[in-house]
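Letter by letter, the chains look like this.
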Amino acid sequence: MRPDFDQPIRQMSTKVAYESPYMRLREDGIVRMDGSEGVYTYVDKPDFALVIAVEDGGFHLVEQYRYPVRSRSWEFVQGSLPGLVAADPEALARQELLEETGITAGALRHLGRLNCAVGMSSQGFDVFVASELSHGEAAREVEEQDLRHRWFPRGEVEDMIRDGVITDNATLAAYTLFLLRTPPG
């Protein structure tokens, strides 16, 4: 059998080793290019949307306690639907922005799609820039009761990145995409 360098691992079987309302831990029986067999375990989660809300030369961020790392984290708005449900990325982006901040976007521009942890998760995310913002009341989920929302000038956000205050990989990757896809000025 000739090696396939585009797909060097073939899935032979799959099973759900663990499932919760937020994720599945999947174990796949695999065969590698050399014919050896193994098991690949990964987290299977629905995709999420991330929103860069831009206003007055700055950005709206949210801060919340992130239990896995036992610390608070400043991030761009992001989220997925509960119950492992897939959603239309733009509708999800609008919903998350409204829920977490009370902001409605008059304009939403898709910047691109990224993967968040390609070695351990199937989850990806779509990045949107929200503008023409209208402010209202947030309608947070129970998991977000500690969430804080604040606007920051662009320079302060960049200082927070440089100083290691913002460490969320999705936020950092989305900001890079924003810089590469948004004209200066």
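Quick summary incoming for the structure in this document. What you see is a predicted model; the values in this text were computed from it and never measured.

1. Things to note about the packing of aromatic side chains
One pass over the full model with this rule turns up eight aromatic pairs. Geometrically, the ring pair formed by Phe48 and Phe125 is stacked, given 4.6 Å between the ring centres and 10° between the ring planes. On the criterion of sequence distance, the pair formed by Phe48 in strand E4 (residues 48-55) and Phe125 in strand E9 (residues 124-135) is long-range, its members being 77 residues apart. Neither residue differs from the other here; Phe48 and Phe125 are each classed as buried. With 4.9 Å between their ring centres and 85° between their planes, Trp74 and Phe152 make a pair best called edge-to-face. In this pair, Trp74 sits in strand E6 (residues 71-75) while Phe152 sits in strand E10 (residues 148-153), placing the two residues 78 residues apart along the sequence. A single burial state applies to Trp74 and to Phe152, both of which are buried. Each member of the aromatic cluster is reached from another via a ring pair, and the members are Phe59, Phe76, Tyr175 and Phe178. One cation-aromatic arrangement involves Arg70 over Tyr67; the distance from NZ or CZ to the ring centre is 3.8 Å.

2. Describing the sheet that holds strand E1 (residues 9-19)
Read from one edge of the open sheet, three strands run E1-E2-E3, paired in antiparallel fashion. Taken across any chain shown, the strands that pair with only one partner, and hence form the sheet edges, are E1 and strand E3 (37-44). Recorded for the sheet is a direction-independent mean angle of 25° between the axes of neighbouring strands. Two elements, strand E2 (residues 24-32) and E3, share eight bridges in a ladder whose sense is antiparallel. Bridged to Val31 within E3 is Glu37.

3. Description of the pairing of E4
Across a regular strand the side chains alternate sides, sitting on one face of the sheet and then on the other. Counting buried positions along E4 gives seven out of eight residues, so the element sits mostly inside the fold. Of the pairings in the sheet, the one linking E4 to E9 comprises six bridges and is parallel in character. Looking across to E9, one finds that Ala49 is bridged to Asp126. Pairing analysis gives three bridges linking E4 to strand E7 (residues 77-79), with the strands arranged antiparallel.

4. Digging into the packing of helix H2 (residues 154-162) against helix H3 (residues 169-181)
Between H2 and H3, the least distance of the axes is 12 Å, while the angle of their chain directions is 135°. In terms of axis orientation, H2 runs oblique to H3. Judged by the twist between their axes, the crossing of H2 over H3 is left-handed. Note on element contacts: H3 touches H2 through Leu172, Tyr175, Phe178 and Leu179, opposite Arg154, Glu158 and Ile161. Class assignment of the residues belonging to the contact of H2 with H3 gives a composition of five nonpolar, no polar and two charged.

5. Observations regarding the nonpolar core
Of all hydrophobic cores here, the largest spans 21 residues; its most connected members are Leu50, Ile52, Leu61, Phe76 and Val127. Of all the elements in the fold, those that place two or more residues in this core are E4, strand E5 (58-66), E9, H2 and H3. Counting residues per element, this core draws most heavily on H3, at five residues. Not counting chain neighbours up to four residues away, the residues in contact with Val127 comprise Leu50, Ile52, Arg109, His110, Leu111, Gly112, Leu114, Ala174 and Leu177. Counting 16 residues, the second largest nonpolar core, distinct from the first, contains Ala93, Ile103, Ala130 and Leu147.

Here is what the cut-offs are and how they apply
Residues numbered from 1 in each chain as written. Predicted model: local features only at pLDDT ≥ 70, side-chain atom pairs only at ≥ 80, totals over all residues. Heavy atoms only, no water. Phe/Tyr/Trp six-rings, centres within 6.5 Å; stacked < 30°, edge-to-face > 60°. Helix = DSSP H or I, 4+ residues; strand = E, 2+ residues; numbered from the N terminus. Buried < 20%, exposed > 50% of the residue type's maximum accessible area, 1.4 Å probe, protein only. Lys NZ or Arg CZ within 6 Å of the ring centre and 35° of its normal. Pairing = 2+ DSSP bridges. Axes fitted to C-alpha atoms, helices over the stretch in contact; angles between N-to-C directions. Parallel < 35°, antiparallel > 145°, perpendicular 65-115°, else oblique. Left-handed = near helix turned anticlockwise from the far one by under 90°. Contact = heavy atoms within 4.5 Å. Nonpolar A, V, L, I, M, F, W, Y, C, P; charged D, E, K, R; others polar. Core = buried A, V, L, I, M, F, W, Y, C linked by side-chain atoms within 4.5 Å.

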